[in-house]
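Remarks on the overall topology
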Amino acid sequence: MEKLIVEGGIPLRGSVRISGAKNAALPLIAATLLAPGRHRLGNVPNLRDTRTFLKLMENLGVRHEREGDVLTIDSTDLRSAEAPYDLVKTMRASVLVLGPLLTRMGKAKVSMPGGCAIGARPINFHITGLEKLGATCRLEHGYVDAEIDGRLQGDTVYFDIPTVTGTENLLMAAVLAEGTTILKNAAREPEIANLIDMLTGMGARIEGRNTDRLTIHGVDELRPADCDIIPDRIEAGTYLIAIAATGGEGTVTHCNPAHLPSLLEKLRLAGLIVDEGDSTISIRWPQAKPRTLKSVDIKTMPFPGYPTDLQAQFMALMALSTDVCVITETIFENRFMHVAELQRMGADIRIDGHSCVINGRGLQGLSGAQVMATDLRASSSLVIGGLAASGRTEISRIYHLERGYENLVEKLTGLGARVWKEQE
Ligand code: EPU
């Protein structure tokens, strides 16, 4: 296993290019199951999670070739409709094959993902939604065994909570259903708009893009797609927070500022000057010295609210602010695993139910320590803490980071950080 070493205390400067979004790439790869033929996806990040997903697709009979960031996927011959536990347990997004497999093969057997480091994460809304469209789902031996007699039938599906992958699964099931499906209280994350664009390019008829009410008029068949993955807003946000935490100044490029409305506002409230270009975001400090960060409360919410996937990183930033703030997590019940590790670096954070009270120590208020990565986003908050801290930080179990951050070491080095990998 590898660990990441960070020699902190260096203000990050310069620009960093953002990769394609992991959480858009996974549903778009799954969507290729809906139409036999050769699909082309551009701007696909090369991450542990995309590689795991492609392995799952290979298991189903789907072939692919990668050239740079372009994936050619051939979904002509499917030989299986089963997503086995061994693959699903390492990446719960594997559940995204449920809707498209059921539609294409008339059946799907997908392992239940089980809990993960951030919460129980059930898939009940995926299942009840598919049942509403006429699927029969049995839960047996840890698997969802779903089948349909003929075609799925359009109907109205109401989500109790806006679920991102649930909305994506139901979209992919409804595009080839007979009649019209209405998804109410659907998630509105930009990754869903990306999937809608891909499905529309394949011939699907979908209304309500970027709203919480999606109307899907089922069509008889779809054609292969040619679509680009949107930039990774969480990666962009992570680098912006890292630059701010080190007291640095810089630009993230090849991103979409419209996908980060809440974070950019929170950075402004924290005292930074944020300049938005068409596909760039720059942050700098006001002229007045010394540089200080104001404390800002956040509460995670579905898009366009503050993203849960940037909660841990913002907490590392607020540990370096000058006052007290409260960070509330409303999406997942157990997403504070980074707190104990940030405390090892000297952060003053108290967990109080679904909130954390952070008493900022000021920029340069943290010191390097040995810490352990527990999940993808928690790990990136430790990297941010380490970059801002004085001295050396060692982060073990960095395979979590490799699930979602492409070329992390190279990108941070490009911003002037002293960071490298070592064997544990
Ligand atoms: N929920 C249910 N039942 C369901 C589905 C969801 O109770 O059937 C609950 C969840 O437990 C949670 C809430 O609804 O409390 C929202 O969860 P959602 O379904 O939206 O999460 P997800 O689709 O499993 C995606 C991202 C996550 C991101 C969340 C929230 C992908 C592949 N994953 O997960 O990304 O945190 O949306 O925005 O898109 C990450 O990238 O690190 C990551 C965890």
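Rules behind the numbers
- Residues numbered from 1 in each chain as written.
- Predicted model: local features only at pLDDT ≥ 70, side-chain atom pairs only at ≥ 80, totals over all residues.
- Heavy atoms only, no water.
- Pairing = 2+ DSSP bridges.
- Helix = DSSP H or I, 4+ residues; strand = E, 2+ residues; numbered from the N terminus.
- Axes fitted to C-alpha atoms, helices over the stretch in contact; angles between N-to-C directions.
- Near = heavy atom within 4 Å.
- Polar contact = N/O pair within 3.5 Å; in protein donor to acceptor, adjacent residues only side chain to side chain.
- Areas by Shrake-Rupley, 256 points an atom, 1.4 Å probe, with all protein chains shown as cover.
- Nonpolar A, V, L, I, M, F, W, Y, C, P; charged D, E, K, R; others polar.
- Domains from an automatic or database assignment.
- Contact = heavy atoms within 4.5 Å.
- Buried area = accessible area lost by both parts, 1.4 Å probe.

The mixed open sheet is built from four strands, whose spatial order is β22-β23-β1-β24. Two strands lie at the open edges of the sheet, namely β22 (370-372) and β24 (418-423), each paired on one side alone. Along the sheet, successive strands turn relative to each other by an average axial angle of 25°, direction set aside. Sheet analysis places β22 next to strand β23 (residues 392-396), joined by three bridges and oriented parallel. The partner of V371 across the bridge, within β23, is I395.

In the neighbourhood of the ligand, 23 residues make up the surrounding shell, with N124, T163, T165, D309 and I331 lying closest. With respect to the ligand, the side chain of K22 contributes an N or O atom lying 3.0 Å from an oxygen atom. Note that an oxygen atom of the ligand is positioned 2.6 Å from one of the side-chain N or O atoms of T165. When isolated, the ligand has an accessible area of 830 Å², and the protein chains bury 89% of it. For the shell around the ligand, the elements supplying multiple residues, two or more each, are α1 (22-31), α5 (124-132), α6 (164-174) and α12 (376-388). Among the elements that make up the shell around the ligand, the one with the highest residue count is α5 (three residues). Across the shell around the ligand, the residue classes tally to eleven nonpolar, six polar and six charged. The two domains that each donate at least three residues to the shell around the ligand are domain 1 (2-19 + 231-423) and domain 2 (22-228).

Along its sequence, the chain is carved into domain 1 (2-19 + 231-423) and domain 2 (22-228). Spacing between the C-alpha centres of domain 1 and domain 2 amounts to 31 Å. Contacts between the two partners involve 24 residues from domain 1 and, on the opposite side, 19 residues from domain 2. Of the roughly 1,800 Å² buried between domain 1 and domain 2 on both sides combined, carbon and sulfur atoms contribute 51%. In terms of surface lost to domain 2, no three residues of domain 1 exceed F303, R403 and E406, which account for 31% of the buried area on that side.

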